[in-house]
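This is what each chain is made of:
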Amino acid sequence: MTLSEAFNYGVYFLSSNGIDEAEFKSLCLACHLAGIKNSEYPLHKNDEIIMKRFADLLWRVKSGEPLQYVIGKWDFYESEFYVGKGVLIPRPETEELTELVINKARSLTAPLIYDLCAGSGCIGISIAKAVPTATVYCIEKSADAMFYLLKNAEGVENVKVINGDVFFPPELPKADIIVSNPPYIKTGEIAELQAEVLKEPEMALDGGEDGLDFYRAICNKWKNLLSPNGSLFFEIGEDQGGDVSFILADNGYIHIEITKDMYGRDRIAKANN
């Protein structure tokens, strides 16, 4: 079967089974199997592929497994990151947070940066690649996520991976920048999330009863590990701007700003120590 025949069948199969974005997902799966980028599809649409392998991928998506897990990696910022069961999937909104931190890091000389709740490492590793003079500590608690974090950090010399809990900070030198995309979904709202999101690790989603547990912990427990006038960046839920601003102010942070994402929703909190 040619790549184009497989793609067309995939669109029919996924849409017939009520899977959203059937065309995009079929294209991603077909190109993944062919070992090419999506943009290269027109040049390879007559290539032959093994239909059984493609059908296996389609069935995994039909069963509710996230597309990113099925493929095993996903684009983020300017790199590909390995992902799979047990690690949060990188999202476009988080690229905006990463870009802000990179711009700040480039204005500093040899900055020391912490990426807390690092997960796959997509934020910290992207920063390290973009700012070679930086030293980036990626700190993660989950053993499942650590597997992917270590894999993604291979060969990136200015990244240091630490197995650690943000509620119990390890002894580290003071950072110039702390960045985190922590769990921020309210515990009671986890069950209401989309079926695909529920396939992601609850540890990476559950921010406690009001969704703010990690913001409180980081603002308080990591303050002494942030240099004077150092910068703290958070990804936040769209309805959390006011609450996170209050937590930052209550812990003595200044120059607090809330930035909207590409969809016009509150998404990034920034403050200085």
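Structure report, in brief. (Residues numbered from 1 in each chain as written. Predicted model: local features only at pLDDT ≥ 70, side-chain atom pairs only at ≥ 80, totals over all residues. Heavy atoms only, no water.)

What to know about the nonpolar core
Inside soluble globular proteins, nonpolar side chains tend to come together where they are buried.
Link 1 in the chain: Counting 32 residues, the largest nonpolar core has Y114, W222, L232, F234 and L248 as the members making the most contacts within it.
Link 2 in the chain: Those elements that provide at least two residues to this core are strand 3 (112-116), strand 4 (135-140), strand 6 (175-180), helix 9 (213-221), strand 7 (226-235), helix 10 (241-250) and strand 9 (266-272).
Link 3 in the chain: Sort the elements by how many residues they give to this core and helix 9 lands first, with four residues.
Link 4 in the chain: Not counting the four nearest positions on each side in its chain, L248 is found in contact with C219, L232, F234, Y253, I256, A269 and A271. (Core = buried A, V, L, I, M, F, W, Y, C linked by side-chain atoms within 4.5 Å. Buried < 20%, exposed > 50% of the residue type's maximum accessible area, 1.4 Å probe, protein only. Helix = DSSP H or I, 4+ residues; strand = E, 2+ residues; numbered from the N terminus. Contact = heavy atoms within 4.5 Å.)

So, helix 8 (residues 143-153)
Link 1 in the chain: Along helix 8, the positions that sit buried rather than exposed are A145, M146, Y148, L149, N152 and A153. Buried residues of helix 8, seen end-on, are gathered within an arc of 165° and therefore sit on one face of the element. Projecting away from the buried face of helix 8 at angles above 90 degrees are the exposed residues A143 and F147.
Link 2 in the chain: Among the structural elements, strand 2 (79-82), helix 7 (122-130), strand 4 and strand 5 (159-163) are those in contact with the buried residues of helix 8.
Link 3 in the chain: Sitting at the head of helix 8, S142 places a side-chain oxygen 3.2 Å from the backbone nitrogen of D144.
Link 4 in the chain: Backbone geometry just downstream of helix 8 places G155 in the positive-phi region, at approximately 85°. (Arc of directions from axis to C-beta. Polar contact = N/O pair within 3.5 Å; in protein donor to acceptor, adjacent residues only side chain to side chain.)

Some words on the environment of Y215
Link 1 in the chain: With respect to the helices and strands, the residue Y215 is situated in helix 9.
Link 2 in the chain: A residue is classified by how much of its surface remains accessible, and Y215, at 0% relative accessible area, is buried.
Link 3 in the chain: Considering only alpha carbons, one finds Y215 and A30, 185 residues apart in sequence, at a separation of 40 Å.
Link 4 in the chain: Dropping the residues within four chain positions of it, Y215 is found in contact with P182, Y184, F234, E235, I236, G237, Q240, V244 and I247.

Regarding the pattern of salt bridges
Link 1 in the chain: Counted according to the given criterion, the structure contains ten salt bridges.
Link 2 in the chain: E238 is the salt-bridge partner of R265, the closest N and O atoms lying 3.9 Å from each other. Within this pair, whereas R265 is found in the loop between strand 8 (254-260) and strand 9, its partner E238 is found in the loop between strand 7 and helix 10, the two being separated by 27 residues in sequence.
Link 3 in the chain: Between K260 and D266 there is a salt bridge, with the nearest N and O atoms lying 2.9 Å from each other. (Salt bridge = Lys/Arg side-chain N within 4 Å of Asp/Glu carboxyl O.)

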